[in-house]
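This is what each chain is made of:
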Amino acid sequence: MSSEESFVYTACPGWGDHDYCALKTIVKDGKILRTERVIYSDPEEPDGHICQKGCLAARMPYDPKRLMHPLKRAGERGEGKWEKISWDQALDEIAEKLQAIAEKYGKDSIVYWTLAAGVPPSNGFTSLMVNRFANLYGGTNPMASIGLDNGPFYTTFYTVNTAFLHILMDPRNLIGTDLLYIWGCNPIENQMRAAQNIVRAREAGAKIVDIGLIYDGTAGYADEFYGIKPGSDSYLGMAMIDYILANGLENKQYLRDYSIAAYMVRDDNGMLLRDADGNFFVYDEDKAALTNVAPAAGAYSGNNIAFYGHYECDGVAVTPVLQMLKERAATYTIDVVSEKTGLLPEHITKLAKEWAEAKNAFIATGYGLRYANANETCRILNLLGILTGRLGTPKSGVIEGLQFQSYPIVTNDGPINMPNGPDNVKSVSVRMPDWFEIAQTDASPYKALFTPNGNPVHQQPDRQRWLDIIKNMELVVDIDVWMTDTGELADYVLPDCMPFEREELISSACYNHLVLQEAAIEPQGDVRDPVYIWSELAKRVGLGDYFDKTIQEWIDVRLDTDFPAIATLEPKVDYKRLKAEKMIRVNNPAEPKFDPYMDKTFDTETGRMEIYWERLLEFDLALPRPLPCYKVGSSTEYPYQLFTGRQRFFMQSSFTDDPINIKLSGDTPSTRINPKDAVELDLVDDDKVEVYNDRGHVVTRLEIDESVPAGTIHVWFGWRRSQFEEGTYAEITTQCSNKETAGPVEDKWFADWLAAGHVQNPFVEMISTEIGSTDAYWDSYCNIRKYAAEKEA
Ligand SMILES: Nc1nc2c(c(=O)[nH]1)N[C@H]1C(S)=C(S)[C@@H](COP(=O)(O)OP(=O)(O)OC[C@H]3O[C@@H](n4cnc5c(=O)[nH]c(N)nc54)[C@H](O)[C@@H]3O)O[C@H]1N2
Ligand SMILES: Nc1nc2c(c(=O)[nH]1)N[C@H]1C(S)=C(S)[C@@H](COP(=O)(O)OP(=O)(O)OC[C@H]3O[C@@H](n4cnc5c(=O)[nH]c(N)nc54)[C@H](O)[C@@H]3O)O[C@H]1N2
Ligand code: SF4
Ligand SMILES: [Mo]
């Protein structure tokens, strides 16, 4: 053991779905001293980053509250009585029960819940090993169409026929822009990697405008803040589209070259006009005639192509897409939109004008838009980028869902996930709304549940649903680093290593670098890494031959890829080389920085960005259209909109055990309401209040705070159930994936996705979780009352 300081790299434990940093972990005498930002190699040297959570993460491995030993339930489920057992006992018993359940009910009765949003690093061994196990052994993945971050996926699937690619963006592209609309997200407090670049962008002259609900840290940082009524953003978007088109501010050259704005639509059936060979039609003004355009970005007959007007082709009346859009947008008048959004008419016009007129401008959208209408909202905001010619244009764009990346780096994970190829996987997948319908009934065929990633009992909306599901399970195994609300209901809780304790390949989001995570310290207590856990379980169910590699060997498999940015490196990168160098810059260009739209080639039927969606014609959604929220404001009994937004010092339920982070978060969870509502409700600061609806309740202290608009109740997200006085926010939130919120449009989207050749199984196609659903995290209504008074009454 050296008594000099040394360092290793670690995937940050605050790594949560949208911001991902490798940390530089400084070690001395076998202990972690501190964490620092990573210094990447040139030209990415300045871009490594660390935030307060990253700094405090180094405390985590030493937290006495973390899981240290395998636990077996000793009392009733949820009673909190545990017996410490050995790994051998735990794995022997789990394997035996698993085999018995498989024998009795079939393998599909075994469910794997693998939402890896809060498990660092994404697509590491915590995911790869369970995928491999499930694909070899069999079982059900209920993750097809989860209802998590759907809007951006919906938008890019129909517009440019990709799933994930067009959602990624190098955050450094923000630097040099003139105007940034931060729309429905709070990056200054919870997307620190983005925040760093927003700060740089502002220093370089950008004006920052926040369109939001809560006056949050981003609102405070912004030059202007516009508070909008919950879930009404698509109306503002349509008013902006109207302004652009009514004033001729659209970028015609761009629309002509890269979109189908000029393509003719048949008035009689709403389909794009095609000839027998699949050519499309536009109107050539010089020739004063309709001329055809071949599929896959065929050329136009001339330069003067019409966007507006009404035409006829062999007796069929036809209209260009942009004319139709203009007519539709014109119905969203300033008065209508002002009423819907609560924004002043002059503010709507100002937002539209400045967006249309700025030289370089970005819209960055996020998860404040996750109402049941979020899919259309995202589409409309994306369209604002297309109409002004900003997608793929330097220093401009629309970034959906704040998924920030440099160039994607692809490793050879297929053979790990699917050792016998995609056609021979034994796992099956069920769309989540369908799964919930069955799983929560007494007739549920699902008998075993593994939760190796995520904390669903706490973080999935409508907690009761999970209690019902677990009631039917004969075996529940949670793998985590903390005792969570999910673990509390398990039969076995297995303690995973923290990233500080194990090796791993960090391949995503590190600004074009492959980084080796090395163990900073010995595993504390009796914790084990995911390769050990799944390999040992596999051995006990007869799959040992498939789990015969060490972590180092698996890393070699991952690096043995023909993905050009890695394959072209000299000498070839393998574990040994990475171990010697710790990080290696892959062969991606430094400039231009990754922008998914930059080469402007699109794998669509037309070869252009499709801003008219024939496939959703039956829902009157060929053109975009604001849709209502699901429940917000719809109840007189529960008149308030519930917002359960994030906590700066927590990463979802991670960090909620650390005393410093707890202190920084106000010691105990709180509920915030506007002073006006407080007066009306006769509530004062620090009252104990109950926020409730027909599903359940949560009890906290009250904070009266002007940051929350009247009509909205904000209960902070993240805190464990045990930290609330009673109940938890998860009792009162709306189910995301259910038959009501995932309706016919979502069904059609899912069907279109499969028809496009995709696979309904997130264990095969790692992205399909976001397809064919809708987010409804904020669609819940609720009421609030003083708690003690209610009890005494
Ligand atoms: N510290 C911390 N950081 C995190 C996380 C964490 O738990 N803690 N979680 C990570 C994950 S998984 C995610 S998905 C991201 C999410 O991060 P964000 O995309 O930033 O989403 P939220 O924080 O949910 O919501 C942000 C803002 O949306 C606004 N909002 C609410 N309703 C509306 C509306 O109707 N219209 C508009 N325009 N705005 C509205 C509110 O003002 C709120 O402050 O954060 C990631 N980062
Ligand atoms: N009310 C409400 N509900 C929400 C949201 C909201 O804003 N409000 N946000 C939604 C969103 S955007 C998301 S992404 C989901 C998040 O939902 P989840 O991903 O289920 O939430 P987390 O609490 O992040 O769960 C991650 C779990 O992984 C564990 N973990 C951390 N590190 C490791 C590790 O190294 N190994 C293992 N095995 N486990 C580890 C953590 O302790 C934690 O229990 O929640 C959703 N639910
Ligand atoms: S931004 Fe996220 S990943 Fe980066 S240091 Fe902070 S918590 Fe960790
Ligand atoms: Mo998320």
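What counts as what
Residues numbered from 1 in each chain as written. Chains lettered and ligands numbered in written order. Predicted model: local features only at pLDDT ≥ 70, side-chain atom pairs only at ≥ 80, totals over all residues. Heavy atoms only, no water. Helix = DSSP H or I, 4+ residues; strand = E, 2+ residues; numbered from the N terminus. Rg over C-alpha atoms; globule rule 2.2 N^0.38 Å. Buried < 20%, exposed > 50% of the residue type's maximum accessible area, 1.4 Å probe, protein only. Contact = heavy atoms within 4.5 Å. Areas by Shrake-Rupley, 256 points an atom, 1.4 Å probe, with all protein chains shown as cover. Lys, Arg positive; Asp, Glu negative; His and termini not counted. Charge placed at Lys NZ, Arg CZ, Asp CG, Glu CD. Salt bridge = Lys/Arg side-chain N within 4 Å of Asp/Glu carboxyl O. Near = heavy atom within 4 Å. Polar contact = N/O pair within 3.5 Å; in protein donor to acceptor, adjacent residues only side chain to side chain. Nonpolar A, V, L, I, M, F, W, Y, C, P; charged D, E, K, R; others polar. Expected span 1.5 Å × (residues − 1). Arc of directions from axis to C-beta. Pairing = 2+ DSSP bridges. Axes fitted to C-alpha atoms, helices over the stretch in contact; angles between N-to-C directions. Core = buried A, V, L, I, M, F, W, Y, C linked by side-chain atoms within 4.5 Å.

Novice: I keep staring at the overall build of the chain and nothing clicks. Help me out?
Specialist: Regarding its fold elements, the chain presents 26 helices and 33 strands. Relative to its length of 793 residues, the chain is compact, with a C-alpha radius of gyration of 27 Å against a globular reference of 28 Å. If you line up the chain on its principal axes, its C-alpha atoms span 80 × 75 × 55 Å. Among the 793 residues that make up the chain, the fraction classed as buried is 64%. By sequence separation, contacts in the chain at least 24 residues apart represent 75% of the contacts at least 6 residues apart. Total accessible area computed for the chain in this model is approximately 27,700 Å², and 50% of it derives from carbon and sulfur atoms. Each charge sign in the chain was given a centre, from 78 positive and 118 negative side chains, and these centres are 3 Å apart.

Novice: Teacher, can you tell me more about the pattern of salt bridges here?
Specialist: Opposite charge on two side chains makes pairing possible when the charged atoms of those side chains draw close. A full pass over the atoms with the stated rule returns 57 salt bridges. The shortest N-O distance in the salt bridge between Glu224 and Lys350 comes to 3.0 Å. Of the two residues, Glu224 is situated in strand β11 (residues 224-227) and Lys350 in helix α12 (residues 345-357); the sequence distance between them amounts to 126 residues. Judged by relative accessible area, which is 19%, Glu224 ranks as buried. In this structure, Glu354 and Lys350 form a salt bridge, with 3.4 Å as the shortest nitrogen-oxygen distance. Taken together, the residues Glu354 and Lys350, both in helix α12 and four residues apart, mark about one turn of the helix. Given a relative accessible area of 27%, Glu354 falls into the partly exposed group. The class of Lys350 is partly exposed, set by a relative accessible area of 27%. Overlapping salt bridges bring together Glu44, Asp47, Asp170, Arg172, Arg200 and Arg585 as one network.

Novice: Would you take a moment to explain the site of ligand 2 for this structure?
Specialist: Near ligand 2 there are 31 residues, and of these Asn455, Gln459, Asp480, Thr644 and Ser653 occur at the shortest range. Contact between ligand 2 and Thr644: a nitrogen atom at 2.8 Å from a side-chain N or O atom of the residue. Ser653 has a polar side-chain atom sitting 2.5 Å from an oxygen atom of ligand 2. For ligand 2, whose unbound accessible area comes to 910 Å², protein coverage reaches 98%. Along the lines of polarity and charge, the residues of the shell around ligand 2 split into 15 nonpolar, eleven polar and five charged.

Novice: Please clarify how the site of ligand 3 should be interpreted in this entry.
Specialist: Near ligand 3 you find Cys12, Gly14, Trp15, Asp19, Tyr20, Cys21, Leu23, Ile50, Cys51, Lys53, Gly54 and Met192, and these make up its full shell. Classifying every residue of the shell around ligand 3 by side-chain character gives eight nonpolar, two polar and two charged.

Novice: Looking at this model, I keep getting lost on α12. Mind explaining?
Specialist: Along an α-helix, residues three or four positions apart point the same way, because every turn accommodates 3.6 residues. Taking 1.5 Å of rise per residue, the 13 residues of α12 would be expected to cover 18 Å, and the 18 Å separating its terminal C-alpha atoms lies within 8% of that figure. Residues of α12 that are buried: Ile348, Leu351, Ala352, Trp355 and Ala356. Projected onto a plane normal to the axis of α12, the buried residues spread over an arc of 120 degrees and lie on a single side.

Novice: Would you explain helix α2 (residues 87-105) in this entry?
Specialist: For α2, which comprises 19 residues, the first-to-last C-alpha distance of 26 Å matches the rise-based estimate of 27 Å (1.5 Å per residue) to within 8%. Those residues of α2 not exposed but buried are Trp87, Ala90, Leu91, Glu93, Ile94, Ala95, Leu98, Ile101 and Ala102. Phi turns positive one or two residues past the end of α2, at Gly106, with a value near 90 degrees.

Novice: What's the story with the sheet that holds β11 in this structure? I'm lost.
Specialist: Pairing is parallel in the open sheet, where five strands are placed in the order β11-β10-β9-β17-β18. Single-partner strands in this sheet number two, and they are β11 and β18 (397-399). Across this sheet, the average inter-strand angle for adjacent strands is 15 degrees, counted without regard to direction. Here strand β17 (residues 361-365) runs beside β18; their pairing, made up of three bridges, is parallel. Counterpart to Phe362 in the pairing with β18 is Gly397. Set on the sheet, helix α8 (residues 233-246) makes contact with β9 (179-183) and β10 (207-212); between it and β9 the angle comes to about 150 degrees.

Novice: What is the right way to look at the pairing of strand β28 (residues 670-673) in this model?
Specialist: Here is the key point about a regular strand: its side chains alternate between the two faces of the sheet. Going residue by residue along β28, you find Ser670 and Arg672 tucked away on one face and Thr671 and Ile673 tucked away on the opposite face as well. As judged from the four bridges shared by β28 and strand β30 (residues 697-704), these two strands associate in the parallel manner. Considered in β30, the bridge of Thr671 is made with Leu702. Sheet topology note: the β28/strand β31 (residues 712-715) ladder contains two bridges and is antiparallel. Of the residues in β31, the one forming a bridge with Arg672 is His714.

Novice: Help me understand the nonpolar core in this model?
Specialist: Proteins that are soluble and globular tend to have nonpolar side chains buried together. Among the nonpolar cores identified, the biggest contains 63 residues, and Tyr181, Trp183, Leu236, Ile241, Leu384 and Tyr612 are the most heavily contacted of them. Among the elements that make up this core, the one with the highest residue count is α8 (nine residues). The contact partners of Ile241, leaving out residues within four places of it in the chain, are Leu325, Ala329, Ile380, Leu383, Leu384 and Leu387. In this structure, Leu98, Val130, Ile416 and Val531 belong to the second largest nonpolar core, which totals 53 residues.

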